[in-house]
Amino acid sequence: MMTEPEQPVSYEDATARLEAIIRRLDSGEAGLRETLELCKEGRALVELCAAELEAVGQGLEELRLDDLVARLEAGAGA
Amino acid sequence: MRETAGMADRAALPAGIHGSRLPGPFGVGMYAAKLRAYLRERSRVQLFGEVWNLRVGRVKVYFELRDADGALPCSMWRTDFDALRLGTGALADGLQVVVGGGLDYYAGSRTSSPAFSFAVSGLRVAGEGDLLAQLDRLRKALDAEGLLVPQKRLERRALPRTIGVITGEGGKARHDVLAGLARRGWAGRIVWAFAPVQDRHAAPRITAALQDLAATGHVDVIIVARGGGSLADLFCFCDETLCRTVALLGVPVIASVGHHTDRTLIDDVAALSCSTPTHAAESAVPVHCTQARAELAQVTRRLRVHGQRMPLARPGLVATARRLSVHSRRALLQRAQTLSRLSRAPGEHVARERARLHQSLREMRASGRRRAGDERARSARRALVLDRKAQAVALDAHRASGLQALALALAAHDPDRTLERGYALVTDSSGEPVTTAGAARDAHAVRLRFADAAVDATICGDDDRA
């Protein structure tokens, strides 16, 4: 029985879990069911990491502290 | 003074300020010269204070003498400074010194700036200054309270989305931070909190900026950057309130105040201390984003391969297929290597043989030259020996023929040869030859020696004179 992986919350946790998944899959020791689950989990992690990278790849946004504070106070979110 | 100014250029002399009762206007150079003379007449004294902003130039040494109540710019001729023989590093920012000298003023000119200073002619290092001692005490106090640790325990995101940066608005550090982030391929959100990074206004403004950035709740990491300077310039980063704020902040702070030799207190309390703003930016984003995107694409491909393969085949078959694939790749690679080696073999063989033949030819030539030389030397030696032998033989022959002639001549004179012809040799009792009749009479008894034997004879009777 495979153990339930902890839900990764940060980019570094996600990448660490992805590396573990790839190592397991490459070992060829995972059964069919486990492989399917690992692939599913891996795809979710890839999406998470891609979203994180996407967030810092859209183009540099420069704000002054006052602008950020004003935006937050206006309730527009960050 | 008025007359001199007038003489200088009366036509160019401007009119004074309308309504002013002050004397003048005077030429500024003349006034500066008078001021210099006035200052130089003041009493020469000894002062004590702390050295700050020390700069050792080729001609002069400059520093500021400071204490809690004020400061004075000082200058000292480099020759006088070197004559003190203080040694490298013996005079440094923060040290307490006693200086002797007097006021001076460099009047400047149309192309150079004026400068006021206390001209130091003598100096004594009196020990560590109060400011450095105070700094040391504060560092120990913060350490004792455990405030050097909390920032280092904070988790720093590998891929922050928002980075807060506190720096001077017009400083070079701003560009360095941007360059460092660009190098990481990071293009998220930067929140600039500009603040003075020098003088007494700096510490409170930086403290406020830190608190405001953290309070937004949207900043993942904060960089405090400055482009460097002397410890005196960076003293605001040793402010106690600022350092306590950093230590207790919930957001990681990366300090980069650009000083290599002396650490400021913010370096100690921050999560990380970097030597340059560029380095600080790179440390704020440990992940190289461009590289990470490429790696992620690769992971996606591998997952796809695994996902597509598995539903169609049993695990054992997949492993077997993978092994087969690996084996076939390996076999193919080995074949390719063998073929490549074989294709190279004839050429390599010819090249090896050619090299070997060339080598043999070189060795043979060298050997031939060496042998011919040896033979020549040997022949020469033999010729010399033969020549000497021939000379010796000729000499021997010459000597032999001479000896033979002598032997023949000697034999010709041998009395035995005469005796063989029938003559006899007469000798007296002592063996001396008796060659006359008188001698024979006198001898009376003689011996007659013939070729075969000798007989004794007695002389008697008269002479038979011829």
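Turning next to the overall build of chain B. Summing up its helical and strand segments, chain B has 14 helices and 13 strands in all. A buried classification covers 23% of the 466 residues belonging to chain B. For chain B, the share of sequence-separated contacts (at least 6 apart) that also reach a separation of at least 24 residues comes to 65%.

With that settled, consider the overall build of chain A. The number of helices and strands found in chain A is three helices and one strand. In chain A, the order of α-helices and β-strands from amino to carboxyl end is α-α-β-α. Per-residue burial over chain A gives 24% buried out of 78 residues.

Every contact between the two is made by 33 residues of chain B and, on the other side, 34 residues of chain A. Contributions of two or more residues to the side of chain B that touches chain A are made by β7 (189-194), α7 (202-216), α11 (289-309) and α12 (315-412) of chain B. It is α11 of chain B that contributes the most residues to the side of chain B that touches chain A, ten residues altogether. Along the lines of polarity and charge, the residues of the side of chain B that touches chain A split into 19 nonpolar, six polar and eight charged. When strand β1 (residues 61-64) of chain A meets β7 of chain B, the two strands line up parallel, connected through four bridges.

All names here are of chain B. The buried count for helix α10 (residues 277-284) comes to six of eight residues, which makes it a mostly enclosed element. Considered for burial, the residues of α10 that qualify are Pro277, Thr278, Ala280, Ala281, Glu282 and Ala284. Contacts made by the buried residues of α10 are with β6 (162-167), α6 (172-183), β8 (221-225) and β9 (253-256).

Looking now at the packing of α7 of chain B against helix α8 (residues 240-248) of chain B. All names here are of chain B. Interhelical geometry of α7 versus α8 gives an angle of 15° and a closest axis separation of 9 Å. Comparing their axes, α8 and α7 come out roughly parallel. The two elements α7 and α8 meet at a crossing, and its hand is left-handed. The residues of α8 that touch α7, namely those facing Ala203, Ile206, Thr207, Leu210 and Gln211, are Thr241, Leu242, Thr245 and Val246. Considering only residue class, the contact of α7 with α8 consists of five nonpolar, four polar and no charged.

What follows deals with the environment of isoleucine 163 of chain B. All names here are of chain B. In this structure, isoleucine 163 sits in strand β6. As a C-alpha pair, isoleucine 163 and arginine 189 span 26 residues in sequence and 6.4 Å in three-dimensional space. Apart from residues lying up to four places away in sequence, isoleucine 163 is in contact with Gly188, Ile190, Asp220, Val221, Ile223 and Ala284.

Right, let's talk about the sheet that holds strand β12 (residues 445-449) of chain B for a bit. All names here are of chain B. Taken together, the three strands give an open sheet; going across it, the order is β11-β12-β13, and neighbouring strands pair in antiparallel fashion. Where the open sheet ends on each side, the last strands, each with one partner, are β11 (425-427) and β13 (454-458). Adjacent strand axes in the sheet meet at a mean angle of 30°, parallel and antiparallel pairs treated alike.

Quick look at the confidence of the model for chain A now. Where the model shows low pLDDT, its predicted coordinates should not be examined in detail. Counting all residues, the mean pLDDT for chain A is 80, and 85% of those residues have values of 70 or more. Mean pLDDT values over the elements of chain A span from 85, in helix α2 (residues 32-55) of chain A, up to 90, in β1 of chain A.

Before going further, it helps to examine the nonpolar core. Residue and element names in this part refer to chain B. Within the largest apolar cluster, 71 residues are counted, with the highest numbers of intra-cluster contacts made by Ile222, Ile223, Val246, Val253, Ile254 and Ile266. In terms of residues, this core owes the most to one element, α7, which gives six residues. Apart from residues lying up to four places away in sequence, isoleucine 266 is in contact with Val224, Phe237, Leu242, Cys243, Val246, Ala255 and Val257. Grouped together as the second largest cluster of nonpolar side chains are 13 residues, Val51, Val97, Val120 and Leu123 included.

All names here are of chain A. Relative to the elements of secondary structure, alanine 44 occurs in helix α2. Alanine 44 sits in the partly exposed class, given 14 other C-beta atoms within 10 Å. Measuring from C-alpha to C-alpha, the distance between alanine 44 and leucine 18 comes to 9.8 Å, with 26 residues separating the pair along the chain.

A few words on the environment of alanine 454 of chain B. All names here are of chain B. Tracing the chain through its elements places alanine 454 in strand β13. Residue alanine 454 is classed as exposed on the basis of its C-beta count, with 12 C-beta atoms lying within 10 Å. When the C-alpha atoms of alanine 454 and valine 426 are compared, they prove to be 9.4 Å apart, with 28 residues separating the residues in sequence. Apart from residues no more than four positions distant in its own chain, alanine 454 is found in contact with Arg447, Leu448 and Arg449.

We now examine the pairing of β13 of chain B. All names here are of chain B. The element β13 is largely exposed, with a buried count of zero among its five residues. Both β12 and β13 contribute to a ladder of five bridges, which runs antiparallel. The residue bridging leucine 448 from the neighbouring strand is valine 455, located in β13. Between β12 and β13, which pair antiparallel and follow one another directly, the connecting turn spans four residues.

Before going further, it helps to spend a moment on the sheet that holds β1 of chain A. Strand order in the open sheet made by the six strands is β1(A)-β7(B)-β6(B)-β8(B)-β9(B)-β10(B), with parallel pairing throughout. Either end of the sheet is taken by a strand with one partner, and the two such strands are β1 of chain A together with β10 (272-273) of chain B. As judged from the four bridges shared by β8 of chain B and β9 of chain B, these two strands associate in the parallel manner. Residue pairing for β9 of chain B: alanine 225 of chain B is matched across the bridge by serine 256 of chain B. Each of β1 of chain A together with β7 of chain B touches helix α3 (residues 65-73) of chain A; the most contacted strand, β1 of chain A, lies at about 85° to it.

Residues and elements named next belong to chain B. Their axes nearest at 7 Å, the elements α6 and α10 cross at an angle of 40°. Between α6 and α10, the interaxial angle falls into the category oblique. In this structure, the crossing between α6 and α10 has a hand that is right-handed. Contacts between α6 and α10 involve Ala173, Asp176, Val177, Ala179, Gly180, Leu181 and Arg183 from the first element and Pro277, Thr278, His279, Ala280, Ala281 and Glu282 from the second. Looking at the contact of α6 with α10 residue by residue, the classes come out as seven nonpolar, three polar and three charged.

Calculation notes
The numbers attached to residues start from 1 for each chain and follow its sequence in the written order. Whichever chain is written first becomes A and whichever ligand is written first becomes 1, with later ones labelled in order. Predicted model: local features are reported for residues with pLDDT of at least 70 only, side-chain atom pairs are reported and counted for 80 or more only, and whole-chain, interface and lining totals are derived from all residues. Secondary structure elements follow DSSP: runs of H or I of four or more residues count as helices, runs of E of two or more count as strands, with numbering from the N terminus. We call a residue exposed when 12 or fewer other C-beta atoms sit within 10 Å of its C-beta, buried when the count reaches 20 or more, and partly exposed for counts in between; the C-beta positions come from the backbone. Contacts are defined on C-beta atoms placed from the backbone: any two residues whose C-beta positions lie within 7 Å are in contact. When residues are sorted by character, Ala, Val, Leu, Ile, Met, Phe, Trp, Tyr, Cys and Pro go into the nonpolar class, Asp, Glu, Lys and Arg into the charged class, and all the rest, Gly among them, into the polar class. At least two bridges found by DSSP between two strands are what make those strands a pair. Fitted lines through C-alpha atoms give the axes, limited to the stretch in contact for helices. The angle between two N-to-C directions lies from 0 to 180 degrees. Orientation labels follow simple angle bins: below 35 degrees gives roughly parallel, above 145 gives roughly antiparallel, 65 to 115 gives roughly perpendicular, and whatever is left gives oblique. Crossings are sorted by hand: turned counterclockwise from the far helix by less than a right angle, the near helix makes the crossing left-handed, and turned clockwise it makes it right-handed. Each residue carries a pLDDT score, the predictor's own confidence in it, on a scale running from 0 to 100. Each nonpolar core consists of buried Ala, Val, Leu, Ile, Met, Phe, Trp, Tyr and Cys residues. Their C-beta atoms, within 7 Å, join them into a set.

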